[in-house]
Amino acid sequence: MQNQSTPAIKNIIKALKQQHVIAYPTEAVFGLGCDPDSEIAVNQLLALKQRPWEKGLILIADNYEQLKNYVDDSQLNEQQRQAMFATWPGPVTWVIPAKKTTPKWLTGQFDTLAVRVTNHELVKALCSQYGKPIVSTSANLSGLEPCRTTEEVIAQFKDTVPVLDGDVGGRLNPSEIRDAMTGQLYRKG
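It should be emphasised that the depicted structure is a prediction, and the values quoted were computed from it without experimental measurement. (Residues numbered from 1 in each chain as written. Predicted model: local features only at pLDDT ≥ 70, side-chain atom pairs only at ≥ 80, totals over all residues. Heavy atoms only, no water.)

## Focus on helix H6 (residues 150-157)
Turn by turn, an α-helix covers 3.6 residues, leaving residues three or four places apart pointing in a common direction. Let me state the cut-off plainly: When accessible area is computed with a 1.4 Å probe and restricted to protein chains, residues below 20% of their type maximum are described as buried, those above 50% as exposed, and intermediate ones as partly exposed. For helices the rule is a DSSP run of H or I covering at least 4 residues; for strands it is a run of E covering at least 2, with both sets numbered from the N terminus onward. The arc in question is formed by the directions pointing from the helix axis toward the C-beta atoms.
Listed as buried for H6 are Thr150, Val153, Gln156 and Phe157. The arc that holds every buried residue of H6, seen down its axis, measures 130 degrees, which confines them to one face. Positive phi shows up at Lys158, right after H6, with a value of about 55 degrees.

Structure, rendered in structure tokens:
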């Protein structure tokens, strides 16, 4: 699937390039995302989610190379990298020191960034064809359960976000979140 360029993926990429927020299936729930380099799109996403910018965001990618523009890989030692790579691609998000050039709209109040290399084939294809990672936060309005189907996304968001139709990966819980420097568990998966 990764090398297939479907009309649906092409339409979602067009929306990303136009600085729109999109919805797409992930390993457990639908995600809301956008181009991480677009402050306009990120601010739209934060407003839609009613999420404070200070909390920071997650980037989801097809491969680790796509994340290197945002994280300071030089601060990780080989053991830390191996621990991270042992869980990827997969539903584990790692918090890594951010590059000084990484926008605050992604890191929030932190000097780190949460990143994940996904194993969801549709999202891998999307990031591969887009050529970079996308922002990933659960698709739900404040106070509501995260969406698990295209129909639930449409019910919550109406026609405000284009949806990449597909099935979630079947996991019950959102991704585990760990600190790449210390191994500390922030959120159980």
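## Observations regarding the packing of aromatic side chains
Put simply, the rule is: Ring geometry is summarised as follows: Phe, Tyr and Trp rings, the Trp one being its six-membered ring, pair when their centres sit within 6.5 Å, and such pairs are stacked at plane angles under 30 degrees, edge-to-face over 60 and tilted between the two.
Taken as a whole and judged by the stated rule, the model has 3 aromatic pairs. Geometrically, the ring pair formed by Tyr64 and Phe85 is edge-to-face, given 5.0 Å between the ring centres and 75 degrees between the ring planes. Here Tyr64, found in the loop between strand E3 (58-61) and helix H3 (78-85), pairs with Phe85, found in helix H3; they are 21 residues apart in sequence, far enough to count as distant. Among the residues examined, Tyr64 registers a relative accessible area of 9% and is labelled buried. One aromatic cluster in this structure is built from Tyr64, Phe85 and Trp88.

## Structural notes on H3
The criterion, for reference: Any two residues whose heavy atoms approach within 4.5 Å are treated as being in contact. Any N or O atom pair separated by 3.5 Å or less is treated as a polar contact, with the protein-specific requirement of one donor-capable and one acceptor-capable atom, and with residues adjacent in sequence counted only for side-chain atom pairs.
All of the buried residues in H3 are Gln80, Arg81 and Met84. Down the axis, H3 shows its buried residues gathered within 100 degrees of arc, on one side only. Residues of H3 that are exposed and point more than 90 degrees away from the buried face comprise Gln79 and Gln82. Packed against the buried residues of H3 are strand E4 (92-97). A side-chain oxygen of the first residue of H3 lies 3.0 Å from the backbone nitrogen of Gln79; this N-cap is Asn77.

## What to know about the packing of helix H1 (residues 7-17) against helix H5 (residues 121-130)
Using the following cut-off: Throughout, an axis means a line fitted to C-alpha atoms (over the contacting stretch in the case of helices), and angles, computed between N-to-C directions, take values from 0 to 180 degrees. Any angle from 65 to 115 degrees is called roughly perpendicular, while one under 35 is roughly parallel, one over 145 is roughly antiparallel, and all others are oblique. Handedness of a helix crossing follows the sense of rotation of the near helix relative to the far helix, less than a right angle counterclockwise being left-handed and clockwise being right-handed.
Where H1 meets H5, the axes come as close as 10 Å, and the angle between the chain directions of the two elements is 55 degrees. Considering their axes alone, H1 and H5 lie oblique with respect to each other. Note that H1 runs across H5; the crossing there is right-handed. Residue-level contacts link Ile9, Ile12, Ile13, Leu16 and Lys17 of H1 to Leu122, Ala125, Leu126, Gln129 and Tyr130 of H5.

## What about the UniProt feature "domain: YrdC-like" (unreviewed entry) in the protein chain?
Filter applied, for reference: UniProt positions are given in the numbering used here, feature names are shortened, and annotations may be inferred rather than shown by experiment.
UniProt feature "domain: YrdC-like" (unreviewed entry): in the numbering of this structure it lies at residues 6-189. Counted over residues 6-189, helix gives 28% and strand 20%. Its end C-alpha atoms are 31 Å apart.

## Here we look at the sheet that holds strand E5 (residues 112-117)
The test is simple: If DSSP finds at least two bridges between two strands, the strands pair.
One open sheet holds the 8 strands; their spatial order is E1-E2-E6-E3-E5-E4-E7-E8, and the pairing between them is mixed. The sheet is open, and its two edges are formed by strand E1 (22-25) and strand E8 (185-187), each paired on a single side. The mean angle between the axes of side-by-side strands here comes to 40 degrees, regardless of whether they run parallel or antiparallel. Packed onto the sheet, helix H2 (residues 39-49) meets strand E2 (30-33) and strand E6 (134-138) and runs at close to 5 degrees relative to E6.

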